[in-house]
Amino acid sequence: RAVAMSVSHSSRLNKLVREQYMRLPQDGRVQVTYVWIDGSGEGVRCKSRTLDKEPKSIEDVPEWNFDGSSTAQAEGSNSDMFLVPVCMFRDPFCLDPNKLVLCEVLKYNRKPAETNLRHTCKKVMDLVKDSRPWFGMEQEYTLLGINGHPYGWPDNGFPGPQGPYYCGVGADKVYGRDIVESHYKACLYAGVKICGTNAEVMPSQWEFQVGPCEGIEMGDHLWMARFILHRVCEDFGVVATLDPKPMTGNWNGAGCHTNYSTEEMRREGGLKHIEAAIEKLSKRHDYHICVYDPRGGRDNSRRLTGHHETSNIFEFSAGVANRGASIRIPRQVGQDGCGYFEDRRPAANCDPYAVTEAIMRTTVLNETGVDTKDYAEH
């Protein structure tokens with residue numbers, strides 16, 4: 001009974017009844033679900049509308065609006081916010097021809113909302129497009145029951161110490177694989193560039209990877225992968241948290257390790273360009289820590305302790321194959337003399353637009369210090 005009570009009531013509704021309705025024809029009309037980032041900078045919201053025909057491109061999806069006073073994005077007296085479609089995916093929940101559409105949020109004056117970090121990221125990515133920046137982000141998350149306790153953990157107490165859970169197999173080592181595999185398939189169906197998944201070091205903790213993505217595509221695909229994760233978890237009646245340190249004590253935190261390269265890093269002799277980029281990052285550590293979680297580094301301070309495969313938040317470090325460093329150069333890259341490097345500092349709840357923008361500002365646009373340059377419309 002205790003295990004059953006840790007899942008939501010709605011997950012226990014009869015799904016066979018739902019299937020009867022989902023099979024009904026739509027007579028050529030299409031459900032489009034608009035997805036956006038709310039005022040927390042972490043949460044996603046969605047709502048749906050009917051279009052008379054299937055949109056073939058993002059230009060076929062009209063702008064819409066929503067009540068920003070209910071998402072911590074506006075005051076009630078001036079609450080309409082614009083939803084501007086930017087990226088379209090297939091809908092793995094309502095199936096073809098229905099769509100999921102990621103949107104930017106604009107205020108009443110058509111200026112970007114405070115948590116619309118895509119807007120400046122897109123400007124920066126347009127500026128640096130000749131460097132062909134590729135990203136791959138490793139999204140760690142933890143499954144919780146709706147009681148807030150890690151899913152599958154004993155009701156009173158803790159599982160055995162970390163060790164057998166990472167990439168584990170077996171009912172006593174991994175919890176919630178059904179959710180992970182459903183999410184993977186849903187992302188593939190949607191067209192999200194998901195490239196892998198694995199069980200993580202803490203039990204009930206998992207990771208999926210998105211990439212390689214070029215430029216602004218990284219943030220678009222990771223945010224949609226997160227939306228799909230929350231939506232899959234809703235069906236199963238559990239919660240996915242991106243909290244960087246969901247359990248205090250001797251348990252691993254959750255990060256969003258960011259793999260990055262430019263075209264010159266990927267070419268023969270690229271290691272010198274990798275080392276030059278790391279040198280630039282070393283001089284701007286405080287700036288990056290500030291943008292690598294939604295609370296200016298406060299969330300990451302619980303995670304980046306120098307223990308549990310992390311670097312210390314106050315120190316910058318880099319090394320080959322070193323998972324206790326701020327920046328890890330994979331051993332293969334050291335051997336090949338070209339490739340990519342991994343920034344291990346971003347928190348699980350980071351905004352990928354902020355992270356990828358910051359990396360480009362420092363390594364390609366050569367910004368220094370804690371202030372950012374405002375580039376004119378390009």
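- The chain appears in an unreviewed UniProt entry as Glutamine synthetase from Cettia cetti.
- As recorded by UniProt, the Subcellular location (unreviewed entry) comment attached to the chain reads in full: "Cytoplasm".
- Taken directly from UniProt, the Catalytic activity (unreviewed entry) text for the chain runs: "L-glutamate + NH4(+) + ATP = L-glutamine + ADP + phosphate + H(+)".

### Quick look at unusual backbone geometry
Stage number 1. Cis peptide bonds are those with omega within 30 degrees of zero, and the linkage from Asp96 to Pro97 qualifies with 5°.
Stage number 2. With respect to the helices and strands, Pro97 occurs in the loop between β4 (80-90) and β5 (99-106).
Stage number 3. Pro212 follows Gly211 through a cis peptide bond whose omega is -5°.
Stage number 4. Within the secondary structure layout, Pro212 lies in strand β8 (residues 205-214).
Stage number 5. Of note, the phi angle at Asp27 is positive, near 55°, even though the residue is not glycine.
Stage number 6. Assignment of secondary structure puts Asp27 in the loop between α1 (15-22) and β1 (30-37).
Stage number 7. A positive phi angle, near 65°, is found at Arg110, a position not held by glycine.
Stage number 8. Residue Arg110 is classed as partly exposed on the basis of its relative accessible area, which comes to 40%.

### Some remarks on the packing of aromatic side chains
Stage number 1. Under the counting rule described, the total for this entry stands at eight aromatic pairs.
Stage number 2. Residues Trp153 and Trp251 carry aromatic rings whose centres are separated by 4.8 Å and whose planes lie at 45° to one another, so their mutual orientation is tilted. Taken as a pair, Trp153 in the loop between β6 (134-144) and α3 (177-190) and Trp251 in the loop between β9 (239-241) and β10 (256-261) lie far apart in primary sequence, 98 residues in all. For the pair Trp153 and Trp251, one class covers both residues: buried.
Stage number 3. Each residue in the set Phe135, Tyr260 and Phe341 is aromatic and connected to the rest through ring pairs, giving one cluster.
Stage number 4. Sitting over the ring of Trp64, Arg49 keeps its end group 4.9 Å from the ring centre.

### Overview of the pattern of salt bridges
Side chains that differ in charge, positive against negative, can pair when their charged atoms come close.
Stage number 1. Counting across every chain of the model gives 28 salt bridges.
Stage number 2. Two residues, Arg118 and Asp220, come together in a salt bridge whose shortest N-O distance is 2.9 Å. Placement of Arg118 in helix α2 (residues 118-127) and of Asp220 in helix α4 (residues 217-236) is noted, with a sequence separation of 102 residues between them. You'll find Arg118 and Asp220 in the same group, each marked buried.
Stage number 3. Taken together, the salt bridges that share partners define one network made up of Glu42, Asp243, Arg295, Asp299 and Arg302.

### So, the pairing of strand β2 (residues 44-51)
Stage number 1. Where β1 meets β2, eight bridges bridge the pair, whose relative direction is antiparallel. Looking at the pairing, Val30 lines up with Leu51 of β2.
Stage number 2. What sits between β1 and β2 in their antiparallel hairpin is a turn of six residues, with Gly41 showing a positive phi close to 80°.

### Some details on the UniProt feature "domain: GS beta-grasp" (unreviewed entry) in the chain
Stage number 1. If you check UniProt for "domain: GS beta-grasp" (unreviewed entry), the listed places come out as residues 30-110 in our numbering.
Stage number 2. Within the segment residues 30-110, helix and strand shares are 0% and 48% respectively, and the terminal C-alpha atoms sit 28 Å apart.

### Some details on the sheet that holds β5
Stage number 1. Pairing in this open sheet of five strands is mixed, and the strands run β2-β1-β5-β4-β3 from one edge to the other. Bordering the open sheet on either side are β2 and β3 (64-67), each of which pairs with just one other strand. Neighbouring strand axes in the sheet, compared pairwise and without regard to direction, differ in orientation by 40° on average.

Parameters at a glance
- Residues numbered from 1 in each chain as written.
- Predicted model: local features only at pLDDT ≥ 70, side-chain atom pairs only at ≥ 80, totals over all residues.
- Heavy atoms only, no water.
- UniProt positions renumbered as here; feature names shortened; annotations may be inferred.
- Helix = DSSP H or I, 4+ residues; strand = E, 2+ residues; numbered from the N terminus.
- Buried < 20%, exposed > 50% of the residue type's maximum accessible area, 1.4 Å probe, protein only.
- Phe/Tyr/Trp six-rings, centres within 6.5 Å; stacked < 30°, edge-to-face > 60°.
- Lys NZ or Arg CZ within 6 Å of the ring centre and 35° of its normal.
- Salt bridge = Lys/Arg side-chain N within 4 Å of Asp/Glu carboxyl O.
- Pairing = 2+ DSSP bridges.
- Axes fitted to C-alpha atoms, helices over the stretch in contact; angles between N-to-C directions.

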